[in-house]
Amino acid sequence: MTTNATSPGRSRPQRRQPGQDWSSWPTYESAVLGFRDHWYPVLWTEQVGKKPVAVTVLGENIALVREGEEIHALHDRCPHRGVPLSLGRRQFPGTVSCPYHGWTYDLKDGNLCGVLTDGPDSPIKGRVKVRTYPVQQRFGLIWVYIGDGDPHPLNDDLPEELRHNALVIGGRTDIRKGNWRFAAENGFDEGHAKYLHNTALWRLFKVMPAWNKTRVVERGEWLVRVQDEVHWEADMPGLGLWTNKRWWKRMPLPDAPGKAQKINPVIKGLDLPGFVSIRMPGILRVAYPHFIHYEWYVPVDADNVRYVQLMVRFETGARAGLFKVKYLTAVRWLFHGQFTAQDAWMVDVMDAPPEKLYRPDLSLTAWRRKVEQSRPNVQPYKR
Amino acid sequence: MTTNATSPGRSRPQRRQPGQDWSSWPTYESAVLGFRDHWYPVLWTEQVGKKPVAVTVLGENIALVREGEEIHALHDRCPHRGVPLSLGRRQFPGTVSCPYHGWTYDLKDGNLCGVLTDGPDSPIKGRVKVRTYPVQQRFGLIWVYIGDGDPHPLNDDLPEELRHNALVIGGRTDIRKGNWRFAAENGFDEGHAKYLHNTALWRLFKVMPAWNKTRVVERGEWLVRVQDEVHWEADMPGLGLWTNKRWWKRMPLPDAPGKAQKINPVIKGLDLPGFVSIRMPGILRVAYPHFIHYEWYVPVDADNVRYVQLMVRFETGARAGLFKVKYLTAVRWLFHGQFTAQDAWMVDVMDAPPEKLYRPDLSLTAWRRKVEQSRPNVQPYKR
Amino acid sequence: MTTNATSPGRSRPQRRQPGQDWSSWPTYESAVLGFRDHWYPVLWTEQVGKKPVAVTVLGENIALVREGEEIHALHDRCPHRGVPLSLGRRQFPGTVSCPYHGWTYDLKDGNLCGVLTDGPDSPIKGRVKVRTYPVQQRFGLIWVYIGDGDPHPLNDDLPEELRHNALVIGGRTDIRKGNWRFAAENGFDEGHAKYLHNTALWRLFKVMPAWNKTRVVERGEWLVRVQDEVHWEADMPGLGLWTNKRWWKRMPLPDAPGKAQKINPVIKGLDLPGFVSIRMPGILRVAYPHFIHYEWYVPVDADNVRYVQLMVRFETGARAGLFKVKYLTAVRWLFHGQFTAQDAWMVDVMDAPPEKLYRPDLSLTAWRRKVEQSRPNVQPYKR
């Protein structure tokens, strides 16, 4: 497996200047298609109806097929002549049939359990298998496990606070341009929000800081950005005043720098020192006082990433219903729409390495180091 | 990093598992662009009018130019600066002139017979030649010969029964996606019709078998598929009943398995043991009781194939006229349209090798072997 | 730097037959992207308003930014994460800010003079520089200098007669398909006009010659095509009469072959022996009796060229105003539009080498030799 930086027949160039490539983080550099042995969310359960649906996850082509309440995932290629099974027919219960010759696969294990055009005694029956992927449904989403062997529980790949609490969710999934690593870096990037999102409608009535001084701390699976200093305005020498304050904008509640922000004490197990955190295999958590925003960066292929955005509130009953209404009428369009579309714009046009990192980019390098240290099983990539 | 099976500078990998590649049929594997020294049909004669027409056949760019009743084929590239002659003007009879500088070529032999912008004494006149291709017109089609030296008679590349009989033709040509070999294999493929075409309107009132047992026999130039067993329904263990029978569908006439089907005794020289046959350089024949359907798979380039479909009935006079009407109102849309568009869909999405062949695929391997044995002159292909 | 003809790791093939490649003109062959150390026109000054504008010149991505009357050119890539500065904001006077993190660059020298999201004391401030390009405005056009070190005066890259005379200009810029060398060759090409432009509306009332005998002479920076013989008709053996004469067409003024045409004696320094001339780095001059037409062939990338066409008349006052009206109502559409679009069509479909040159192509080979002799600094090109 190779990446962009090497070309066949040439020995690897001498270590170049810092910033010229990502060779300081060789695992990360190679993780063009993300990591095996993890659960990734891919679609909403209601997106898979009677007909099979094709998705690409970590570069793998997968056919999602519904059987009653269950959803199954098969490698989207009939081994006979390479026709996608997602084009297939649901001829018999519990199976999918390739549209070409009626090779019929058991949805549970991928076994070729019948070959319609070769009769009941077809000699090849039972001797061909299509790869299947473990699937789970949770939070209204379909999760698939790209890995070998038995998967670990889905819970292990979920933020702790989502595992046991009653909650209500608003969410949105979009495939956007750019590699998933740019999306993840952009999510945990300390510096950009204060400039890029300056113009976002979502922040129309809330001041954003001018600049911060930041540390990154480790908290279990997560890296957390902690603000040591928050500056609401700055007198830039030779340029002028830089601030996001406007007379009509509300200041966020003051918080004590360097101390743990009490976000939402009713959430079990969430006692965060900071606002924004990230973890493997590419999950961002932004903890607002009354809700939490999550982003999963699900690799599609080298140049496309699926954003799975969830807005979660730990409420039930009428308050949960109220949140649903608020989500559908505002948050979905302002935050999960226009706001994160600004991020997607940058993820699309970004072109690194080479790169020159600056002080706030300690968030990026901490994330890259974290990936290296977790020694993940990188999904192979061939250009 | 490796590319598709071979990459420059690497020795060929060890022989792989059967089905991993087509190395068992090396000639066939290399015949991405088909075969030289054959006549291929490309367009209807009325498609070439006053203006030259560009076509691509076997990867070669050709300009077709009409002069009265005759049609000429020239390499579609002016040797001067590489401008396509199909963009040219008909300045003088019997010639075509490059639109750029008026280099004027004799349509018969491709000789540069005048250079308008260099005067009557142009020194280059007569010293440059554009390649020409032999052309014939037959059945309302333009046939070109891609080969070196004098061509053999067109008759040698035509099915015997078309050479001497009075007949009436309905036809259709389309460029479709996919390599020509997939198209040819799909045509002679024993298994697919019974499942893929299950939903075709063309078969709305006629039952198709559930599965067959088949042999392939050689008959002169042709390979013929012979049914040893024809099963109209099958009880698939663990799945259920598989049949194409419906109360409103008519069963075809019974035929004695293993014996020669008497198709149409009035057709001279056609005493076929079976229904479907194939021959070089890629001609399919499907002999119905009262007419014959032909498909020519004409390579355009590596990823596109021209389907030339003919429906032939050996009639004259009023009966021929009736057939014409039937063709234009029904057959053209149901059979040459929707039915074979299902084939084209598969040819487009097929992705082999690797492949896993099953019992009915003896039709494919027989065809590949036939190609190997005929030691054809493969059209060179550079990726 | 490599070109199409060579591939890495292979030794250059033996010298091939003449016309098979451009190896007789190795500098020219390598000049896919034109020449460094020259001024090229790129846009009209009014095309750059408040928002930065992205252009590609000689394969380099450049952001043009207006500051009052001045226009600045910066390498269109923020060194931080590779985001185009042409997407940036004009946050503070005299600077442009990357839209992502507010890295702010001085327009004059490209210095990173502030980093909005890292506070007034950002350690990286002053330690990063974006490349800037010298810019000049002249004739309503923006000219950029792609080269290293201090540029020579713009005047050195302008036709002499444009430097000191009062003049009025009509002009048009378009990006067209094809490499700039095909555009330049087409411009100075002796033979094509008489056939290709035969059908141009611009020549509807003026006869063009049937063919010429031509020499190319050097006159300072310029190569000039001189007609030794002009033939208005030709009896082409075996073909017929070739002429552009029609009863409604006016003949141009007779001129003495081989002698200097007196074009426009009021133009200082323009005493041309011929009608059409060319010079580095790719400027065509067509001297009509009462005006001069210029074309700059500005390389965009390997496959696109920017045509900057100027029609110049050496008049002032009312006569200049009249010319402006004539330009906008007729010349712009007939000559800078339909006429040169015929050229652009050929530049797009041309496919050389290989090529076979003919007698009038001494204009092309003279131009290629001229490029070799001027030993230009070729802009590097990587496929």
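Rules and cut-offs
Each chain carries its own residue numbering, running from 1 in the direction its sequence is written. All chains are assigned letters beginning at A, and all ligands numbers beginning at 1, according to the order in which they are written. Only residues with pLDDT of at least 70 get local features here, since the model is predicted, and only at 80 or more are side-chain atom pairs given and counted; chain-wide, interface and lining totals rely on the full set of residues. Each side-chain value is derived from all of the structure's non-hydrogen atoms; neither hydrogens nor water enter the calculation. Any two strands are treated as partners once DSSP identifies two or more bridges connecting them. Strands here are runs of E lasting at least two residues and helices are runs of H or I lasting at least four, both read from the DSSP assignment and numbered beginning at the N terminus. Here an angle of 0 to 180 degrees is reported between the N-to-C directions of two axes, which are lines fitted to C-alpha atoms, with helices fitted over the stretch in contact. Throughout, a residue-residue contact means that at least one pair of heavy atoms, one from each residue, lies within 4.5 Å. Burial classes follow relative accessibility: with a 1.4 Å probe on protein chains only, a residue under 20% of its type's maximum area counts as buried, one over 50% as exposed, and anything between as partly exposed. Just so you know how the angles are binned, under 35 degrees is roughly parallel, over 145 roughly antiparallel, 65 to 115 roughly perpendicular, and the rest oblique. Each crossing is labelled by how the near helix is turned from the far one, with a counterclockwise turn of less than a right angle marking it left-handed and a clockwise turn marking it right-handed.

Chain A appears in an unreviewed UniProt entry as Phenylpropionate dioxygenase, large terminal subunit from Actinomadura madurae.

A. Local environment of the sheet that holds strand E18 (residues 292-301) of chain C. Residue and element names in this part refer to chain C. An order of E11-E19-E18-E17-E16-E13-E12 is seen for the seven strands of this open sheet, with the pairing classed as antiparallel. Whereas interior strands pair on both sides, the edge strands pair on one side only; in this sheet they are strand E11 (168-177) and strand E12 (211-219). This sheet shows a mean twist of 20° between the axes of neighbouring strands, independent of strand direction. Contacts between helix H5 (residues 317-349) and the sheet are confined to E11, E18 and strand E19 (304-313), with E11 contributing the most and set at about 20° to the helix.

B. Main features of the pairing of strand E14 (residues 233-236) of chain B. Residues and elements named next belong to chain B. Here E14 shows a buried face lined by Ala 234 and Met 236 and an unburied face lined by Glu 233 and Asp 235. When E14 meets strand E15 (residues 240-243), the two strands line up antiparallel, connected through four bridges. Across the sheet, Asp 235 pairs through a bridge with Leu 241, a residue of E15. Between E14 and E15, which pair antiparallel in sequence order, lie three residues; one of them, Gly 238, sits at a positive phi of approximately 80°.

C. Broad picture of the packing of helix H3 (residues 180-188) of chain B against helix H6 (residues 362-373) of chain B. Residue and element names in this part refer to chain B. Direction vectors running N to C along H3 and H6 enclose 130°, while the axes themselves pass 9 Å from each other. Our classification of the angle between H3 and H6 gives oblique. Classified by chirality, the crossing of H6 by H3 is right-handed. Seen from H3, the contacting residues are Trp 180, Ala 184, Glu 185 and Phe 188; seen from H6, they are Ser 363, Leu 364, Trp 367 and Arg 368.

D. Just the environment of Val 115 of chain C, in detail. Relative to the helices and strands, Val 115 of chain C resides in strand E7 (residues 112-115). The contacts of Val 115 of chain C, once residues within four sequence positions are left out, are Met 236 and Tyr 358 of chain A together with Gly 102, Trp 103, Ser 122 and Ile 124 of chain C.

E. Representation of unusual backbone geometry in the model. The omega torsion of the bond from Pro 353 of chain A to Pro 354 of chain A falls at 0°, within 30 degrees of zero and hence cis. Summarising the element assignment, Pro 354 of chain A is placed in the loop between helix H5 (317-349) and helix H6 (362-373). Residues Ala 352 of chain B and Pro 353 of chain B are joined by a peptide bond in cis, for which omega reads -10°. Topologically, Pro 353 of chain B is positioned in the loop between helix H5 (317-349) and H6. Even without being a glycine, Asp 37 of chain B presents a positive backbone phi close to 60°.

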